[in-house]
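What follows is the residue order along each chain.
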Amino acid sequence: MRKILFASSEVHPLIKTGGLADVSASLPMTLDAHGHDIRIILPAYRQCLMALADVRTIATIKLDGFHSPINILESTLPETDIRVWLVDSPAHFDREGGAYGPSEGGDWQDNAARFALFCRAIVAVAMDLAELDWKPDVLHCNDWQTGLAPALIADQKNRPATIFTIHNMAYQGLYSRQTFEALDLPESFWTSEGLEFYDQLSFMKGGLGYADYITAVSPTYAKEICTAEYGYGLEGLLTFKHEQGQLSGILNGIDRDEWNPQTDKALAKKYTIKTVRHKKLNKQALQQYFSLPEKEEVLVLGLISRLVPQKGIDLIIDAVSRLLQAGENIQLVCLGSGEDDYEKGLRVLRAKYPDRVGVVIGYDESLAHQIEAGADVFLMPSRFEPCGLNQLYSLRYGTLPLVRNTGGLADSVVDAFGDNLKDATATGFKFEQATAEELEATILRAVTLFRHPRIWRKVVITAMEQDYSWQASSRAYEALYEKALS
Ligand code: ADP
Ligand code: GLC
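Criteria and thresholds
- Residues numbered from 1 in each chain as written.
- Chains lettered and ligands numbered in written order.
- Predicted model: local features only at pLDDT ≥ 70, side-chain atom pairs only at ≥ 80, totals over all residues.
- Heavy atoms only, no water.
- Helix = DSSP H or I, 4+ residues; strand = E, 2+ residues; numbered from the N terminus.
- Rg over C-alpha atoms; globule rule 2.2 N^0.38 Å.
- Buried < 20%, exposed > 50% of the residue type's maximum accessible area, 1.4 Å probe, protein only.
- Contact = heavy atoms within 4.5 Å.
- Areas by Shrake-Rupley, 256 points an atom, 1.4 Å probe, with all protein chains shown as cover.
- Lys, Arg positive; Asp, Glu negative; His and termini not counted.
- Charge placed at Lys NZ, Arg CZ, Asp CG, Glu CD.
- Near = heavy atom within 4 Å.
- Polar contact = N/O pair within 3.5 Å; in protein donor to acceptor, adjacent residues only side chain to side chain.
- Nonpolar A, V, L, I, M, F, W, Y, C, P; charged D, E, K, R; others polar.
- Domains from an automatic or database assignment.

So, the overall build of the protein chain
And step 1. Assigned secondary structure in the protein chain consists of 20 helices and 18 strands.
And step 2. In terms of overall size, the protein chain behaves like a compact globule, its C-alpha atoms giving a radius of gyration of 23 Å where 486 residues would be expected to give roughly 23 Å.
And step 3. Principal axes of the C-alpha set define a box for the protein chain whose edges measure 65 × 45 × 45 Å.
And step 4. Counting the 486 residues in the protein chain, one finds 58% classified as buried.
And step 5. Summarising the internal contacts of the protein chain: among those between residues at least 6 apart in sequence, 70% fall at separations of at least 24.
And step 6. For the protein chain, the exposed surface amounts to about 19500 Å²; the carbon and sulfur share of it is 49%.
And step 7. Of the side-chain charges in the protein chain, 48 are positive and 64 negative, and the distance between the mean point of each set is 6 Å.

Put into structure tokens, the structure is as follows:
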């Protein structure tokens, strides 16, 4: 049994912008079930305070570089007895809007100060300076918002072991030299071995440079970020860490209770592998929801996504336009929000093909479950994908993921092609290059296979049989914690 402090800037169901929130709940829940004493620390955003019933102040601390003392609040993760500690600085976190900005896409002006404060609070709690009478063996940080914590704690005596998990290298927390000074960080950090990155302050480098061990959220992504194409200039440092045995990839798992077609309350009709024929009732309900013709023989493509360049939304818009122009028998249903151009592109597609395309711009947990259950194919043509959770949810729901061969998508989907079909290992569709042409050709492969219901059904069943729970991956984290402690 170990004491673990798990630090994250989003935790489902308290606050979520993407998969980080899912992982920051489901991994701690699994570690808790394995008998570890795990506590989650996150900022006390307004949404979190509103979502939690019992919140009490357990400590008040003064942090370097900040005038007002801050409170540490305690509650529990809903429907669990896992303790959640909230860093309560109303000036930084108690405001209308999202975790990182007033709306999806934008950033709060004071994000550097917000997350520097968060990191200082993480360190204070991890060193028990808050006098909570609890000191972790391991501090597990996630993404750039927690990146300064491993750096700030590195030279403390009797400190916990530190793990830093990379969920996405595309977001690094880069700020000016002026901001660095305003944050009152030790001047010794301003070196290329430290936090300086081409004359900017990099929060991410705090995690990469100072944590005892680094993980990425899939084995393939751990390798990809050691190359210029995916490393954003940090590939040299990452390659070094990899060679030192300090960087590895651990595939995310999913919460198999929350994403379970047998018990999912959001579905029109629940189903299992044995009753997978009921999946078509969910398809019908989905078509109805999006006001599309309720036809069984049309291939329904689903999309649930942050609408950002990473996700290849432009490729989808191009490929699907061409396929619809050519009269292919497909429908597209989308749920997402993000950049204006993509929102507009999807709306235009909908306007042009109202009986073929359905679009909801926004965030809708229940609709996300309905799309996972009702679509035939789930589209994830990502330019890069550190892990991706939606393809894992899709497998569980027998909705074949159609993915680009990158990151966690490469590690979790087996292409329905050649031998994979013969030996019944196929679980979805894969393509290589991030072009609309390849995506289009791959959707056409799916359209063709869909005309062979027996083969299709076999692939669906193989997909549903896959076990991407946290069982194996949580053991890999436990092994890493032990290694870091030894
Ligand atoms: P990322 O973290 O890069 O956004 P993931 O596939 O790891 O990608 O996780 C995305 C998570 O966010 C999934 O749980 C997905 O269902 C959810 N999600 C994304 N967009 C929406 C939306 N518009 N409405 C509901 N859930 C969404
Ligand atoms: C990031 C990545 C996504 C991953 C998620 C959880 O948001 O974009 O691929 O699944 O983190 O690790």
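Moving on, there is more to tell.
Description of the site of ligand 1
And step 1. Around ligand 1, a shell composed of 20 residues is seen, among which Gly19, Asp22, Arg306, Lys311 and Gly362 lie nearest.
And step 2. Note that an oxygen atom of ligand 1 is positioned 2.9 Å from one of the side-chain N or O atoms of Lys16.
And step 3. Contact distances for ligand 1 include 2.8 Å between an oxygen atom and a side-chain N or O atom of Asp22.
And step 4. Taking 560 Å² as the accessible area of ligand 1 by itself, protein coverage stands at 93%.
And step 5. Elements with a contribution of two residues or more to the shell around ligand 1: α1 (19-33), β13 (299-307), β14 (330-338) and α15 (390-396).
And step 6. By residue number, the principal contributor to the shell around ligand 1 is β13, which donates three residues.
And step 7. When grouped by side-chain class, the residues that make up the shell around ligand 1 number six nonpolar, eight polar and six charged.
And step 8. For the shell around ligand 1, the domains that each give at least three residues are domain 1 (3-253 + 470-485) and domain 2 (276-465).

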